[in-house]
Amino acid sequence: MSDPASLHGGPDALGAAPYDFSTNANACGPCPAALDALRQADRSRYPDPAYTALHARLAAFHGVPAPRIVLAASASEFIHRITALAARGGLRHAVLPAHGYGDYARAAAAWGLARVDAAGLPALHWACEPASPLGTADEALARWALQPARQGDVRVIDRAYAPLRLEGAAAAPPVDAWQLWSPNKALGLTGVRAAYAIAPCEAQAAAVQALAPSWPLGADGVALLQAWTGDAAQAWLAASLATLRAWKAAQVALCASLGWAVLPGSLANFFTARPPVGDLPDVLQALRAQGVKLRDCASFGLPGHVRLGVLAPPAQQALAAAWRQCAA
């Protein structure tokens, strides 16, 4: 059985944690407009297999031609699918963030792509903006802006947390890079799996689309992405960011007051900290027993650190009480 403290983003062997800091979902959610769309979704029949209306809606939202939109069952599904395409195209290397989502590396390993820090040969390149678990700007994007992609390179920007950016504005993505969007986090509805990508050109979109199964999205996924593009959801999201900024400032201050070393530079609704403990897994289990769940960053290459999604003040108070009890 998996250690419940090592899991994140939902129920574990102990059920749903009352105070789950391990997920980066928008703590102001769920978004009412998205919930209403889900209630109205017609689950009695298949969606349009071509998703014609959804492609058009997402294309208009981003100002791109509809054939450049590729739908995916989830961000993870797309990560594995585009990695498969890269491998089939002859790529043998992947350049990944130093600290990043584990599916980049898992997909690369599954398809035989060797992880390298900087490829001398064409490679699959990943960036995440803002990056997880640190919440910082991804340095790869600055390099990409100065270095045009080599023939055969595939570049992908994971924009899962772009809608939850609390500071500054992201730089314009390179025109030769894919953009991967998974708005369920921003809408506070991570249980609905749905994502999409914007391809650099229609030919690349068609190549990735050819690897997709039939109906990658069910009715719920379609409803979520349709709601995402609507004015009501976007207005709700914009209002939620102000709340999250205030909650984040209080949560960072709380962690500092507990003696945790908070890593600087987070631009998003989460941050990373190092609690002053010798055996972090044991402490995380003790906290989880009290209903508080944190994300161990060992899988990100940051042992001894935790990632904390920003939660409301009552959850922060529960974290402080549970920590003090563990430290007593």
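Keep in mind that this is a model prediction, so the values were computed, not measured. (Residues numbered from 1 in each chain as written. Predicted model: local features only at pLDDT ≥ 70, side-chain atom pairs only at ≥ 80, totals over all residues. Heavy atoms only, no water.)

(A) Molecular detail of the packing of aromatic side chains. All chains considered together, the criterion is met by seven aromatic pairs. Seen in terms of ring centroids, Phe 61 and Trp 228 are 5.8 Å apart; in terms of plane orientation they differ by 65°. Their pairing is edge-to-face. Note that Phe 61 is positioned in helix α2 (residues 52-62) and Trp 228 in helix α7 (residues 219-228), a separation of 167 residues in sequence. Both rings, one in Trp 260 and one in Trp 323, keep their centres 5.0 Å apart while their planes meet at 75°; by these two values the pair is edge-to-face. With a gap of 63 residues between them, Trp 260 in the loop between α8 (231-257) and β9 (261-262) and Trp 323 in helix α10 (residues 313-327) connect regions that are remote in the sequence. A relative accessible area of 4% means that Trp 260 is categorised as buried. Classification of Trp 323 as buried rests on a relative accessible area of 8%. Here the aromatic residues Tyr 101, Tyr 104 and Trp 126 are joined through ring pairs into a cluster of three or more. Residue placement shows Arg 307 over the ring face of Phe 270; its charged tip is 5.9 Å from the ring centre. (Phe/Tyr/Trp six-rings, centres within 6.5 Å; stacked < 30°, edge-to-face > 60°. Helix = DSSP H or I, 4+ residues; strand = E, 2+ residues; numbered from the N terminus. Buried < 20%, exposed > 50% of the residue type's maximum accessible area, 1.4 Å probe, protein only. Lys NZ or Arg CZ within 6 Å of the ring centre and 35° of its normal.)

(B) Representation of the packing of helix α3 (residues 75-88) against helix α6 (residues 202-209) in the model. Here α3 crosses α6 at 105°, and the two axes come no closer than 9 Å. Classed by the angle they form, the pair α3 and α6 counts as roughly perpendicular. Listed contacts from α6 to Phe 78, Arg 81, Ile 82 and Leu 85 of α3 are Ala 207, Val 208 and Gln 209. Looking at side-chain class alone, the contact of α3 with α6 contains five nonpolar, one polar and one charged residues. (Axes fitted to C-alpha atoms, helices over the stretch in contact; angles between N-to-C directions. Parallel < 35°, antiparallel > 145°, perpendicular 65-115°, else oblique. Contact = heavy atoms within 4.5 Å. Nonpolar A, V, L, I, M, F, W, Y, C, P; charged D, E, K, R; others polar.)

(C) Main features of the state of the cysteines. A complete count under the given rule lists zero disulfides for this structure. Considering cysteine sulfurs only, Cys 31 is the nearest to Cys 28, which forms no disulfide, with 11 Å between them. Under the relative-accessibility criterion, Cys 28 is labelled partly exposed at 22%. (Disulfide = S-S within 2.5 Å.)

(D) Region of interest: the domain arrangement of the protein chain. Considered domain by domain, the protein chain is made up of domain 1 (19-24 + 233-327) and domain 2 (32-230). Counting residues at the interface gives 24 residues for domain 1 and 27 residues for domain 2. Both faces considered, domain 1 and domain 2 share a buried interface measuring about 2200 Å² in area, 63% of it formed by carbon and sulfur atoms. Among the residues domain 1 hides against domain 2, the three largest losses belong to Ala 233, Leu 267 and Phe 300. Together they make up 30% of the total. The interface formed by domain 1 and domain 2 contains zero salt bridges. Applying the counting rule to domain 1 against domain 2 returns 11 residue pairs in polar contact (both at pLDDT 80 or more). For the side of domain 1 that touches domain 2, the elements supplying multiple residues, two or more each, are α8 and β10 (270-274). Take the side of domain 1 that touches domain 2: its biggest share by element is eight residues, from α8. Here the side of domain 1 that touches domain 2 is built from residues that sort into 14 nonpolar, seven polar and three charged. (Domains from an automatic or database assignment. Buried area = accessible area lost by both parts, 1.4 Å probe. Salt bridge = Lys/Arg side-chain N within 4 Å of Asp/Glu carboxyl O. Polar contact = N/O pair within 3.5 Å; in protein donor to acceptor, adjacent residues only side chain to side chain.)

(E) Fine view of the sheet that holds β10. Judged by pairing direction, the sheet is antiparallel, and its four strands sit side by side in the order β9-β10-β13-β12 without closing on themselves. The outermost strands of the open sheet, each flanked by one partner alone, are β9 and β12 (295-296). Relative to β10, β9 runs antiparallel, the two sharing two bridges. Paired with Val 262 across the strands is Ala 273, a residue of β10. (Pairing = 2+ DSSP bridges.)

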